[in-house]
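# Coordinates in review
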Amino acid sequence: MAKNLVIVESPTKAKTIKKFLGKNYDVIASEGHIRDLPKSSMGIDIENDYEPHYITIRGKGELLSSLKKASKKADYVYLATDPDREGEAISYHLSVALKLEDKNFKRIAFNEITKGAVKTSLKNARSIDMDLVDAQQARRVVDRLVGYEISPLLWEKLGKKSLSAGRVQSVALKMISDREKEIEAFIPNEYWTLVADIKVPGQKQTVKFDLKKDINTGSDAEALKKKLMGADFIVTDIKTTSRSKKAPVPFTTSTLQQTASSRINFSTSKTMRVAQQLYEGVEIKGLGTVGLITYLRTDSTRISEEADARVREYIRENFGAEYEADKEASAQDSKAKNIQDAHEAIRPTDVTITPASIKGKVSTEQYKLYKLIYERFVGSRMKPAQYSIFTVTLTAAGETFKASSSTVTFAGYQNVYNAEEEKVKNKVNLSGIEKGDKLECEDIETTQHFTEPPAHYTESLLVRTMEENGIGRPSTYAPTISLLLNRRYIVKEQKNLYITELGQAVNNVMETAFPEIVDIDFTANMETLLDSIGEGKTDWKVVVRNFYPDLEDEIKHASENLEKIKIADEESDEICEECGARMVIKYGSYGKFLACPNFPNCRNTKPYYEKIGVTCPDCGGDIVRKITRKGRPFYGCINYPECQFTSWNRLVEKKCPKCGKYMVIKGKKIACSDNECGYIEAQPEE
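The text that follows walks through the structure, step by step, so that each part is easy to find. (Residues numbered from 1 in each chain as written. Predicted model: local features only at pLDDT ≥ 70, side-chain atom pairs only at ≥ 80, totals over all residues. Heavy atoms only, no water.)

## Re the pairing of strand 25 (residues 633-637)
Among the five residues of strand 25, four are classified as buried, and the element is accordingly described as predominantly covered. When strand 25 meets strand 26 (residues 646-647), the two strands line up antiparallel, connected through two bridges. Bridged to G636 within strand 26 is T646. (Buried < 20%, exposed > 50% of the residue type's maximum accessible area, 1.4 Å probe, protein only. Helix = DSSP H or I, 4+ residues; strand = E, 2+ residues; numbered from the N terminus. Pairing = 2+ DSSP bridges.)

## Comments concerning the pattern of salt bridges
Throughout the structure, instances matching the rule amount to 46 salt bridges. Among the salt bridges present, the one from R310 reaches E306, with a minimum N-O distance of 2.7 Å. Here E306 and R310 lie together in helix 10 (residues 305-318), a separation of four residues that amounts to about one turn. The partner of E468 in a salt bridge is R464, with the nearest N and O atoms 3.9 Å apart. Taken as a pair, E468 and R464 lie in helix 14 (residues 459-468) at a separation of four residues, close to a single helical turn. Residue E468 is classed as exposed on the basis of its relative accessible area of 61%. In this structure R464 comes out as partly exposed when scored by relative accessible area, which is 39%. Connected through shared salt-bridge partners, D308, R312, R316, E324 and R381 make up one network. (Salt bridge = Lys/Arg side-chain N within 4 Å of Asp/Glu carboxyl O.)

## So, helix 6 (residues 169-185)
The terminal C-alpha atoms of helix 6 lie 24 Å apart, and with 17 residues this matches the ideal 24 Å at 1.5 Å per residue to within 8%. Of all the positions in helix 6, only Q169, S170, V171, A172, L173, K174, M175, I176, S177, R179, E180 and I183 are classed as buried. Lining the buried residues of helix 6 we find helix 14, helix 15 (477-486), strand 17 (490-493), strand 18 (496-499), helix 16 (501-513) and helix 17 (520-534). (Expected span 1.5 Å × (residues − 1). Contact = heavy atoms within 4.5 Å.)

## Details of the state of the cysteines
A complete count under the given rule lists zero disulfides for this structure. Distance from the sulfur of C579, which forms no disulfide, to the nearest cysteine sulfur (C596) is 3.3 Å. C579 sits in the partly exposed class, given a relative accessible area of 38%. (Disulfide = S-S within 2.5 Å.)

## Points about the packing of helix 8 (residues 253-264) against helix 14
One can describe the packing of helix 8 onto helix 14 by two numbers: an axis separation of 8 Å at closest approach and a directional angle of 160°. Judged on the interaxial angle alone, helix 14 and helix 8 are roughly antiparallel. For the crossing formed where helix 8 meets helix 14, the hand is left-handed. Of the residues in helix 14, those in contact with S254, Q257, Q258 and S261 of helix 8 are S460, V463, R464 and E467. (Axes fitted to C-alpha atoms, helices over the stretch in contact; angles between N-to-C directions. Parallel < 35°, antiparallel > 145°, perpendicular 65-115°, else oblique. Left-handed = near helix turned anticlockwise from the far one by under 90°.)

Dropping the structure here:
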């Protein structure tokens, strides 16, 4: 019998696959890429038509030798890396590094690590898809050109060598920066709501009816309340309607990351780490090593016919035929327009392995994520939830009030997958009310509100926005966010993402010098071009040739014209206690700090407090610009901790002429710090 060698990326994946194949198969892990561009240099020969120069990754020489020995002994070599561009590129580099051109070698790919899928892939072994390899190569080259050309400029202009720029990361950073500016500039608008407490015949508790009208001021609200309190509340309309809510489609990478964040509090990186474990295989007592979910990097919602048939059978057997969705209604209309749609959505590999059956046999994290994926998939093949909506309309003094009650008449998919936001929060009893009834109003509540600023980006919201704008691909969302956090360009507080002073400085350079790199439309268009390469429609060298000359011009221009934004060692008024020199302002990971200019002979440092020329409203001390431990800027009193005053917005010396409280800068306006006052005025031009 011929001896076969199967090469995969990870040892776990190798272990899972090994049990599906006979003793005539060896399964070895390459542990990711074997070859890559060098870290110490660009690795791209720009003069030779952007030809990349690949080397064996440092530390993998011994592994490569063992792979060579194993491949020489084998009659057939199967490259079984992940079913995406990255996996195709790993297979290609393995074929080159192992010199397989004279061997019987084939590429196999499978969307799930199950016996059937692996066996089928062997029957359908193919050649390496060089279009996919070129798409990955183009991404790698373009990203390398951006990173290795712009990063040194950041080092020069900002005086810190740990900085970096990237084609996707810089756009994501700008998105966070822009959102912070929107929030800082936001000025709330006042509005009021009126709620009538109505006595309903036969009920002890009153029912709240909402006024359907916009009210802008408290005086208007009080005047309307006064008018309504003496009016007759007549039931003018009773309506019963039905509503259906369709089941959500199975998870893509993006929607899994978003839902895992909101439902089980997983970060994007944690979601991908645990999903990778579920895909490659986990040890389950009584079952051995089992790959529990399909491939986790996908933007497709498509499901194979076989998987669809199995889950429908499961639904009929466990819930009844009436719960099975119509095939036409549940046909997935995949929005993906790129090669990733060759994949399926993320789903369980075996619908009979229920979350309950593996609880306690896998880690808590694995159980939570598998349960989420499982329930979403099963629910996607079930009928919509049906609601009966009962709405009562009251009229009083020419104003309209409404109240509604909602009853689930058929649970449908919610028997399996019931998101928190789908639950009815306010259940009211409107029975006993008939059209024409005159109801008694016990009280009218007036409540002041203010419009809310745009929400801070969370990991979940950032992923969704990146996906909507075509920024990055399923495999890039989590690494991009992790990189921004690790570089301290952004920080995460209570799930919200905030840009740091360091991140803002980097973003300012990118916006000033490289507007095209941080342009959302340009970056999305580049993703489309990469997809086109993967589909065999575009030559990857053409994309790079069209991209690099403009980048080179921008870098030359920035090198010559960005001196004015360079963060230099500005002298301060502080004197070094150790050597008597005038201390200078330095720029570190946490923002500005004071350091002795005689370093390394004198290593004295201290916090830097930038006075803004405003006195503290609480104690009269100087207000200074500070940085939180995580790098987020704010304004506080220099007399801390004796004085605890802080503000996220920059203060101005002028007091509010309406209420006397301190005022802050919001965009191009100056606003009272008290939202209830609401005073605003234009900011004087400098």
